[in-house]
Amino acid sequence: MSTTTAVETTVAETRRETSRRTLVQAVRDAMAEAMRRDPSVLVMGEDVGPNGGVFRATEGLYEEFGPERVIDTPLAESGIVGTAIGMAMTGWRPVVEIQFMGFVYPAINQILAHAARMRNRTRGRFGVPMVIRMPYGGGIHAPEHHSESYEALFVHSPGIKVVVPSTPADAKGLLLEAIFDDDPVLFLEPKRIYRSSRDEVPEGSHRVPIGPARLARKGRDVTLIAWGAMVPQALAAAELLARDGVEAEVLDLRTLDPMDRGAIVESVGRTGRAVVVHEAPRQAGVGAEISALIMERCLLQLLAPVRRVTGFDTVMPLARMERLYLPHRDRIVAAVRETLEF
Amino acid sequence: MSTTTAVETTVAETRRETSRRTLVQAVRDAMAEAMRRDPSVLVMGEDVGPNGGVFRATEGLYEEFGPERVIDTPLAESGIVGTAIGMAMTGWRPVVEIQFMGFVYPAINQILAHAARMRNRTRGRFGVPMVIRMPYGGGIHAPEHHSESYEALFVHSPGIKVVVPSTPADAKGLLLEAIFDDDPVLFLEPKRIYRSSRDEVPEGSHRVPIGPARLARKGRDVTLIAWGAMVPQALAAAELLARDGVEAEVLDLRTLDPMDRGAIVESVGRTGRAVVVHEAPRQAGVGAEISALIMERCLLQLLAPVRRVTGFDTVMPLARMERLYLPHRDRIVAAVRETLEF
Amino acid sequence: MPVMTIHEAVTRRLEVLAPDGTVDEALMPQLDREQVETMHRWMLLGRTLDAKAITLQRQGRMGTWASLRGQEAVQVGAVAAMEDDDWLIPAFREHVAMIVRGVPGETLLAYWAGDERGSAFPPGTRVFPVPVPVGSQFPHAAGVGMSLRMRGEQAVAVAFIGDGSTSEGDFHEGMNFAGVFRANTVFIVQNNQWAISVPLSRQTASETLAQRAWGYGFPGIQVDGNDVFAVYAACRGAFERARTGGGPTLIEAVTYRMGDHTTADDASRYRDPEEVASWAQRDPLDRLRRFMEGRGWWDDTRQAAAETAAAEVVEEMVARMMAMEPQPPREIFGHMFARMPEYLEEQASELEREVER
Amino acid sequence: MPVMTIHEAVTRRLEVLAPDGTVDEALMPQLDREQVETMHRWMLLGRTLDAKAITLQRQGRMGTWASLRGQEAVQVGAVAAMEDDDWLIPAFREHVAMIVRGVPGETLLAYWAGDERGSAFPPGTRVFPVPVPVGSQFPHAAGVGMSLRMRGEQAVAVAFIGDGSTSEGDFHEGMNFAGVFRANTVFIVQNNQWAISVPLSRQTASETLAQRAWGYGFPGIQVDGNDVFAVYAACRGAFERARTGGGPTLIEAVTYRMGDHTTADDASRYRDPEEVASWAQRDPLDRLRRFMEGRGWWDDTRQAAAETAAAEVVEEMVARMMAMEPQPPREIFGHMFARMPEYLEEQASELEREVER
Ligand SMILES: Cc1ncc(C[n+]2csc(CCOP(=O)(O)OP(=O)(O)O)c2C)c(N)n1
Ligand SMILES: Cc1ncc(C[n+]2csc(CCOP(=O)(O)OP(=O)(O)O)c2C)c(N)n1
Ligand SMILES: [Mg+2]
Ligand SMILES: [Mg+2]
């Protein structure tokens, strides 16, 4: 983990061919690349086969790797993760898809009581080298339970890494790293920005380490800390603030566990102000951890309380009011102004 | 919720007969009392019948109320909570026991996706007046998964109240309040202090409101914030500190959701220093929320960073090293000293 | 006798109405012309509503919609066999069943359009809300059936589930509780052969889903799900048994999802058009119409009139749904608890201030 | 044919060794004297270890212990039928099965004494750790069986579960996955009639647990679980089938938990002593001993020698367990991840500093 500043770019040093890909395509590319390199990599889940996943994140994999490695499973999340644990403990690297994060609860016993604890429970004898991918977050006008952000539950629970890319290049690089990690990784995909932009994504084996945050924008007046689909909102807020001469630094955390505490502390130590942005409800969310961390490590540098711009402590409303629930640029700008006026 | 100071005592104003009860007996008494008053109150769970619960929390209920109201269920937590939801929506008030908090994961979909959301999902047409009781926390040398503290998951998730008594009187009063609450309540019982002391507990319908914290000890130098089995540890730390002239105030939160923010802010506003204590892992635990809250509301009064004395971000070790994991008096004292020396 | 047979389970399939419209008179349930026409009207309502909702969705005036086309007979056969006090615990595709049991069409449409008022069923309606996490409604249904039995109510909890969803642990736990407590519950599997893109063969190696019931100590039966009379007859018997303390039944209704999984899906990616075409031959509405024609109850004129009437009913539902004004932001917070806690009050005000700006 | 039989499931029970020690020769598996004596030795080891662990617990030198008394034949019959490459996925009461499959006795004892080293099985041991949340091991077992099948390994994953735990959703999901993927998995239910204080009748309304298998498309069979030969024979067949691609089997072994649920339990609160006494008549060790005596292989002297030998083995295990020095605090942190992240490094140092103070 970086103890100094967040790394500024994800593009590997070596020159390499790139192609313009959306985030969901980059996710797909990472799986394809991993499967080509390592025959122990498998993809499992609901509708990941001929259908290519409900978001097309596994498109073409079934055709390329066949039904033995791209496995449509019965509709049972605990069964999916549980069997994948058995497979991971006997030589495979399963990449499991949970169709929406709202459906992860039935698998939570397998994830937290088993996948996350197996290495400890066997004193290192068995790892569970498994990735559990899932689209998360709101903004696509989906039905109930299709827009949830439960990252805090997993960040709080020991033994599992939590990764959230916000750009296509990071999605590919982090997913490849996650697949070849020897421990379980929860890989959260911000479905709202699955296709919202295209990036130059390196071909082949592009890796982005799990841990370091990404400095998405430099600034001196305030630090905005975000992940996933909130990163573009934070960047948009920074643009708007810049018009008034306020220079916001934007940290894209990329990994929530292990968290790049060094980068956060370094940045807020400089700016003296911070706003944390996430979609999940506020109370005991990951924002609270970040806020507490900043207070613990930067109290004397803090010029104003750290603000949290988050979802409300309610059920995410159905599509028509979803917009009111989700944090957005203007809400971030308002929080920054409060911070500046403190 | 109190916006001023935490209420200082739980004993009802009216004079009333009391008897000396342990915490687990008080839990039992609350259920018996509720069942006597209201025929719609039911007790359900594994081994709650003739066996009286593995901790004897339902002792005698089967004999008094019979198999129709004290229901031994199949061994299936999702089924227990799920059927109880169906019953709660059709006129009953089920009090469900999950045998250990470590076994709540299989029920989490029913709890968080249904019980906690049903009122919202039916726009107030159906409530789920259900209590989900469970022993939680470490300190009894039990096997793996028998010592967990998962409160943060539920505090973060909208729609369910989270209550944790630390004294026999509160256990009775809060449980009765929870049973007659029209919304689902997670009722966490600190099993380590189930029998560690006896209190005068009012007979009959003793009620303690859900929400207000309890001022367990007055002090001016630092505020210790704790719940459940950590309250006695905090009090013991306060005793020790008092020998050196440091007067610690101890707040027993009693309810984690809704949290008595007013009492926390009022106390820390006065003392300028705070230490939060909980057994659960540190990262994104409830301590982070409290820490963030204090920073948000009392930044200018804070004389030192709020400290968190918590479990580590690891699996709770097996019995032999459990002692090393759990927060205890001396660890709290050390944290207070760091706070004083900041 | 060291190898002994200790259990024999025989699973049967019921068919009444043949594709050509003829019925097995011995098995035909007692239904008069009015009842049959009502069934037809409901089935037609389901089909008409479905087509309309899909159109609305394409026009951007509806959210994701789960088509019920092809499955009208299962839903209508079941609700036709229900009594007033019975409870319906739907999955998510039971639109016409929900409407027949008291959910106003505009309410149902509003739900799928993403409006919170779509969840506000009229007071007293014995219909559970849509449980999005599949399978999770089965324990609720067992609980409702336990509740009815404990109070001695002569009513039944009727629960629906899809074939794919039977793979979830909650299917098992709900069925098992219902068996142990002899709940007044009847479980209906709408086996439409597909769970999004996953065919039944990938869902289970079991020859039928009905036979699972025997593992819970109660009977399972399979019916032709495109045969409204078979569904009705099986339900009638099972509901009666449940109401009178005889315990649960599992009914597997074999049908077919004619459309895409939802409007977000494209079934042509994974389904053989010939399979779809072959099921079109077994259309439940056509079959019932042939039956009515055979009895001399029906002709093209009546059919045309019925279609017009259904279209009018649906148009009215849509109009009422469309007429709904946007809701105030406070609605997000208002139903989290019986009484709104202070922190939600604060958040609601926060949002209100923001919206005013 | 409008009411058709579409599925018939016949569940059978296998018994070989009668309580009087005689066997059904037609069903008796091929086992030579040495094999039978080995089985007896393992069963006796289980019983002796169990008694010792309970004593240690009473003396405060052992944590909670789950007694296996009465269930020795199920465990030994099953592991005796396993081959080197097979995997054992235990529940939590399979002490002797785990030891036979390679877990050193002192390791097993250390686990139950609350020592982390109790989880450090020797490298290469094909035994899963104890899964405390009941039922959750069934999906793992299905996964291991899928894994073996995918690699074409002629090996089987043998999973244990208790009767009560079959009520968990994971029982269903694991069984169903194994069926769909024709996993090399055999599922063994130790039906010891009780789940702590809850009798089987409150666990399920199903007449047998074996019959559940048919709902997943593979066979289920019941065996007398106090009859080591029946268990062995059923396992041998099922393992062979699984190894050669024939798919899973569910074996329900009907036995009895002679002791308390664990040392934290008091079964006299909820169990009829007559029931316990009647099962004592069917003791699996006595029965096997009678068989060996009948063959002229056994007598009191041999029995006494065997008991002494078992006691010695157990004493050595205990001595090795007791000799373990306390572990350094860092052990709490060392196995959370393949590489320790910075924040755990910091916490480990925090704790080390505290301990030094
Ligand atoms: C727990 C859970 N996992 C996944 C989903 C996503 N999902 C919605 S419907 C569906 C398929 C359901 O298939 P089936 O049960 O056969 O019902 P059908 O759609 O055919 O009516 C899936 C996977 C969900 N809603 N809930
Ligand atoms: C998910 C879960 N719920 C509850 C428990 C507590 N518990 C441990 S063993 C047990 C009973 C198990 O009964 P059974 O499956 O019959 O196995 P047996 O104890 O008879 O071997 C219970 C309730 C648990 N370990 N896991
Ligand atoms: Mg289906
Ligand atoms: Mg048992």
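As the structure is a prediction and not an experimental result, all values here were calculated from the model.

## Focus on the overall build of chain A
Move 1: Helix and strand counts for chain A come out as 12 helices and 14 strands.
Move 2: Relative to the globule expectation of 20 Å for 342 residues, the C-alpha radius of gyration of chain A, 19 Å, shows essentially globular dimensions.
Move 3: Seen through its principal axes, chain A has C-alpha atoms that stretch 60 × 45 × 45 Å.
Move 4: Classification of the 342 residues of chain A by burial places 75% in the buried group.
Move 5: Within chain A, contacts between residues separated by at least 24 positions form 83% of all contacts whose residues are at least 6 apart in sequence.
Move 6: Surface summary for chain A: the accessible area is close to 9,000 Å², and the carbon and sulfur share equals 47%.
Move 7: The averaged location of the 44 negative side-chain charges in chain A is 2 Å from the averaged location of its 41 positive side-chain charges.

## Looking at the sheet that holds strand β2 (residues 41-45) of chain B
All names here are of chain B.
Move 1: In spatial order, the strands read β3-β2-β4-β5-β7-β6-β12; together these seven strands make up an open sheet with mixed pairing. In this open sheet, the two edge strands, each paired with only one partner strand, are β3 (70-72) and β12 (255-257). Pairwise comparison of adjacent strand axes, ignoring direction, gives a mean angle of 20 degrees for this sheet.
Move 2: Both strand β5 (residues 131-136) and strand β7 (residues 185-190) contribute to a ladder of six bridges, which runs parallel. Bridge pairing links M134 to L188 in β7.
Move 3: Along the sheet, helix α7 (residues 168-179) makes contact with β2, β4 (93-97), β5, β6 (161-163), β7 and β12, crossing β7 at roughly 160 degrees.

## Description of the confidence of the model for chain A
The predicted coordinates should not be examined in detail at positions where pLDDT is low.
Residue and element names in this part refer to chain A.
Move 1: Scored by pLDDT, chain A comes out at a mean of 95, with 96% of its residues at no less than 70.
Move 2: For residues 1-5, every residue scores under 50 in pLDDT, and the model assigns this stretch 16 contacts once sequence neighbours within four places are set aside.
Move 3: Low pLDDT (under 50) marks residues 8-13, which in the prediction has 10 contacts with non-local residues, meaning those over four places away or in another chain.

## So, the relation of the copies chain C and chain D
Move 1: Each copy superposes on the other: chain C lies on chain D with an RMSD of 0.0 Å after a rotation of 180 degrees and an axial shift of 0.0 Å. In symmetry terms, the pair is related by a two-fold rotation axis. Considering only C-alpha atoms, the part of chain C nearest the rotation axis is C:G169, at 1.8 Å.

## Here we look at the site of ligand 1
Move 1: By nearness alone, 20 residues border ligand 1, and A:E77, C:R93, C:D163, C:S165 and C:N192 come closest of all.
Move 2: The site occupied by ligand 1 is bordered by residues of chains A and C.
Move 3: Within the side chain of C:S165, an N or O atom sits 2.5 Å from an oxygen atom of ligand 1.
Move 4: Take C:W194: an N or O atom from its main chain is 2.8 Å from an oxygen atom of ligand 1.
Move 5: Relative to its unbound accessible area of 580 Å², ligand 1 is 96% covered by the protein chains.
Move 6: When grouped by side-chain class, the residues that make up the shell around ligand 1 number nine nonpolar, six polar and five charged.

## Thoughts on unusual backbone geometry
Move 1: The residue after A:D257, namely A:P258, is reached through a cis peptide bond having omega 0 degrees.
Move 2: Mapped onto the fold, A:P258 is located in the loop between β12 (255-257) and α9 (261-271).
Move 3: The phi dihedral of D:R182 is positive, around 45 degrees, even though this residue is not glycine.
Move 4: With respect to the secondary-structure elements, D:R182 resides in the loop between α6 (169-180) and β4 (185-191).
Move 5: For D:R182, a relative accessible area of 40% translates into the label partly exposed.

## Brief notes about the interface of chain C and chain A
Move 1: Each partner contributes to the interface: chain C provides 39 residues, whereas chain A provides 36 residues.
Move 2: Here chain C and chain A share an interface that buries about 3,200 Å² over both sides, 56% of which is from carbon and sulfur atoms.
Move 3: Three residues stand out in chain C for area buried against chain A, namely C:R202, C:R269 and C:I332, and they jointly supply 19% of the buried area on that side.
Move 4: On inspection of chain C and its partner chain A, the count reaches four salt bridges.
Move 5: At the boundary of chain C with chain A, the tally comes to 12 residue pairs in polar contact (both at pLDDT 80 or more).
Move 6: At the level of elements, α7 (200-203) and α12 (342-356) of chain C are the ones that each hand at least two residues to the side of chain C that touches chain A.
Move 7: Sorting elements by how many residues they give to the side of chain C that touches chain A places α12(C) first, with seven residues.
Move 8: Looking at side-chain class alone, the side of chain C that touches chain A contains 19 nonpolar, 10 polar and 10 charged residues.

## Some words on the state of the cysteines
Move 1: Summed over all chains, the structure comprises zero disulfides over all chains.
Move 2: Among the cysteines around B:C298, which has no disulfide bond, A:C298 carries the closest sulfur, lying 19 Å off.

## Quick look at helix α2 (residues 72-80) of chain D
Move 1: Burial analysis of α2(D) places eight of its nine residues in the buried class, which makes it a mostly covered element.
Move 2: Every buried residue of α2(D) is listed here: D:E72, D:A73, D:V74, D:Q75, D:V76, D:G77, D:A78 and D:V79.

## Concerning the coordination of the magnesium ion (ligand 3)
Around a metal, the ideal angle is 109.5 degrees if four donors adopt a tetrahedral arrangement and 90 or 180 degrees if six donors adopt an octahedral arrangement.
Residue and element names in this part refer to chain C.
Move 1: For the magnesium ion (ligand 3), every protein donor is listed as D163 (OD), N192 (OD1) and W194 (O), and the spread of their distances is 1.9 to 2.1 Å.
Move 2: Expressed as a motif, the donor residue spacing for the magnesium ion (ligand 3) is D-x28-N-x1-W.
Move 3: A residue is classified by how much of its surface remains accessible, and N192, at 4% relative accessible area, is buried.

## Here we look at the site of ligand 2
Move 1: Contacts to ligand 2 come from 20 residues, most closely from B:E77, D:R93, D:D163, D:S165 and D:N192.
Move 2: In this structure ligand 2 sits where residues from chains B and D come together.
Move 3: Side-chain polar atom of D:D163 to an oxygen atom of ligand 2: 2.5 Å apart, as the coordinates give it.
Move 4: The fraction of the free accessible surface of ligand 2 (580 Å²) that becomes covered by protein chains is 96%.
Move 5: Of the residues contributing to the shell around ligand 2, the split by class is nine nonpolar, six polar and five charged.

Reading guide: rules and limits
- Residues numbered from 1 in each chain as written.
- Chains lettered and ligands numbered in written order.
- Predicted model: local features only at pLDDT ≥ 70, side-chain atom pairs only at ≥ 80, totals over all residues.
- Heavy atoms only, no water.
- Helix = DSSP H or I, 4+ residues; strand = E, 2+ residues; numbered from the N terminus.
- Rg over C-alpha atoms; globule rule 2.2 N^0.38 Å.
- Buried < 20%, exposed > 50% of the residue type's maximum accessible area, 1.4 Å probe, protein only.
- Contact = heavy atoms within 4.5 Å.
- Areas by Shrake-Rupley, 256 points an atom, 1.4 Å probe, with all protein chains shown as cover.
- Lys, Arg positive; Asp, Glu negative; His and termini not counted.
- Charge placed at Lys NZ, Arg CZ, Asp CG, Glu CD.
- Pairing = 2+ DSSP bridges.
- Axes fitted to C-alpha atoms, helices over the stretch in contact; angles between N-to-C directions.
- pLDDT = per-residue confidence, 0-100.
- Least-squares fit on C-alpha atoms with pLDDT ≥ 70 in both.
- Near = heavy atom within 4 Å.
- Polar contact = N/O pair within 3.5 Å; in protein donor to acceptor, adjacent residues only side chain to side chain.
- Nonpolar A, V, L, I, M, F, W, Y, C, P; charged D, E, K, R; others polar.
- Buried area = accessible area lost by both parts, 1.4 Å probe.
- Salt bridge = Lys/Arg side-chain N within 4 Å of Asp/Glu carboxyl O.
- Disulfide = S-S within 2.5 Å.
- Donors = N, O, S within 2.8 Å, 3.2 Å for Na, K, Ca; no water.

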